[in-house]
Amino acid sequence: MRTFRGGLLIGLAVAVAVAAAAITYERYDTRTLKRTMRRGEVLCGVNTGLPGFSIPDDKGNWTGFDVDFCRAVASAIFDDPSKAKFVPLDANERFRELQNRKVDILSRNSTWSMSRETSYDLYFPAVAYYDGEGFMTPSARNIDSALALDGSKVCVQGGTTTELNLADYFRANNIKYTEMKFPKLDDVVKAYGSGQCDTLTADVSQLYAIRLNLAKPGDHTILPDVISKEPLAPVVRERDDDWMLIVKWTLYAMINAEELGITSKNIDEALKSKKPDVMRLVGTEGDYGEQLGLTRDWAARIIRHVGNYGEVYERNVGSGSKLGIPRGLNQLWSAGGIQYAPPIR
């Protein structure tokens, strides 16, 4: 009997240990890089459709700032940007699907906040795009400041930081408003377009994209007020440091490349450079790529296939795009902005 009870206790202890290990694995997946390489592609969670950031054409070809970042990660790993596969995710499902390992990385407009890191067990490796919440109204209202929105009906997407910022701003300024909340961004836009509300609030970058698709874009004004900090960043699962470092340094390589003047057009010349900073970036000196579990030319692959940060910004959302969003804070620190990457050395 004692032997049976002892064996039963040992069996229970083993079962508990196995269950605990399973729960830990579910929360903290440390095998993303190995699984990605075995699969042969990077699964990227992107917005379901946001011009300039992530949007498919009628043939299913994706373009945009966030799309290009995913392609940069795929280029660093596989030397092939086509190895990025895009999975459209709505705001309400994005973090859950990342936790469930439906995707390897979120590269969609997601604000880095403390509660999201602590509540969802996620990492936001680095800020890819500095944004802020703003407002759009019909130009016919002749409003030039958010402080003049008293009595407005405001359309907003529920379950987002946008909704919280809206409440905080109007309460802090003692302004009355009627909240028109919808679960999906498409519903928000439809409500605004049909006149259910006279104001739409979202990140400023979203407002530019939304306005572009309205029936008469010129009839709508994006107010100059920015009421919040919205650092938009790629997202990965917590406790997966190898993968987090690759995602983080992919962005930093693109920023450093712009600072050093290395582009997709002159990358071959950069490979011949004798400047130490350039040599370390393109992999002709040091083993920095190998320290990430990649090849020495990992950053050169990114630049060749996708371009530096400035190239990606300009063709998707900057002056060379339909959106025409000024770079503002997203300029390099040396050009008046706050984009700044640690050095590769």
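Residues numbered from 1 in each chain as written. Predicted model: local features only at pLDDT ≥ 70, side-chain atom pairs only at ≥ 80, totals over all residues. Heavy atoms only, no water.

Draft legend 1. Geometry of the nonpolar core. Counting 75 residues, the largest nonpolar core has Ile-105, Trp-243, Ile-262 and Trp-298 as its most contacted members. When neighbours within four sequence positions are excluded, Ile-262 is seen to be in contact with Ala-257, Ile-267, Ala-270, Val-278, Leu-281, Val-282, Ile-303 and Asn-308. The next biggest cluster of nonpolar side chains, apart from the first, holds 12 residues, and it includes Ile-143, Leu-149, Val-156 and Tyr-169. (Core = buried A, V, L, I, M, F, W, Y, C linked by side-chain atoms within 4.5 Å. Buried < 20%, exposed > 50% of the residue type's maximum accessible area, 1.4 Å probe, protein only. Contact = heavy atoms within 4.5 Å.)

Draft legend 2. Representation of the sheet that holds strand E5 (residues 105-106) within the structure. Judged by pairing direction, the sheet is parallel, and its three strands sit side by side in the order E4-E1-E5 without closing on themselves. Unpaired on one side and paired on the other, strand E4 (84-88) and E5 mark the two borders of the sheet. Across two bridges, strand E1 (residues 42-46) lies against E5 in parallel orientation. The residue of E5 that forms the bridge with Gly-45 is Leu-106. Relative to E4, helix H3 (residues 65-78) is tilted by about 145 degrees, and along the sheet it contacts E1, E4 and E5. (Pairing = 2+ DSSP bridges. Helix = DSSP H or I, 4+ residues; strand = E, 2+ residues; numbered from the N terminus. Axes fitted to C-alpha atoms, helices over the stretch in contact; angles between N-to-C directions.)

Draft legend 3. Focus on the pairing of E1. In terms of burial, E1 is largely enclosed, as five of its five residues are buried. Burial along E1 is two-sided: the residues Val-42, Cys-44 and Val-46 and Leu-43 and Gly-45 are all buried. As paired elements, E1 and E4 share five bridges and run parallel to each other. Bridge pairing in E4 places Gly-45 opposite Val-87.

Draft legend 4. Looking closely at unusual backbone geometry. The backbone of Asp-79 sits at a positive phi, close to 60 degrees, despite the residue not being glycine. A relative accessible area of 36% means that Asp-79 is categorised as partly exposed. Backbone geometry places Arg-239, a non-glycine residue, at a positive phi of 65 degrees. Mapping Arg-239 onto the fold places it in the loop between strand E14 (236-237) and helix H9 (241-260). Arg-239 gets classed as partly exposed once you look at its relative accessible area, which sits at 40%.

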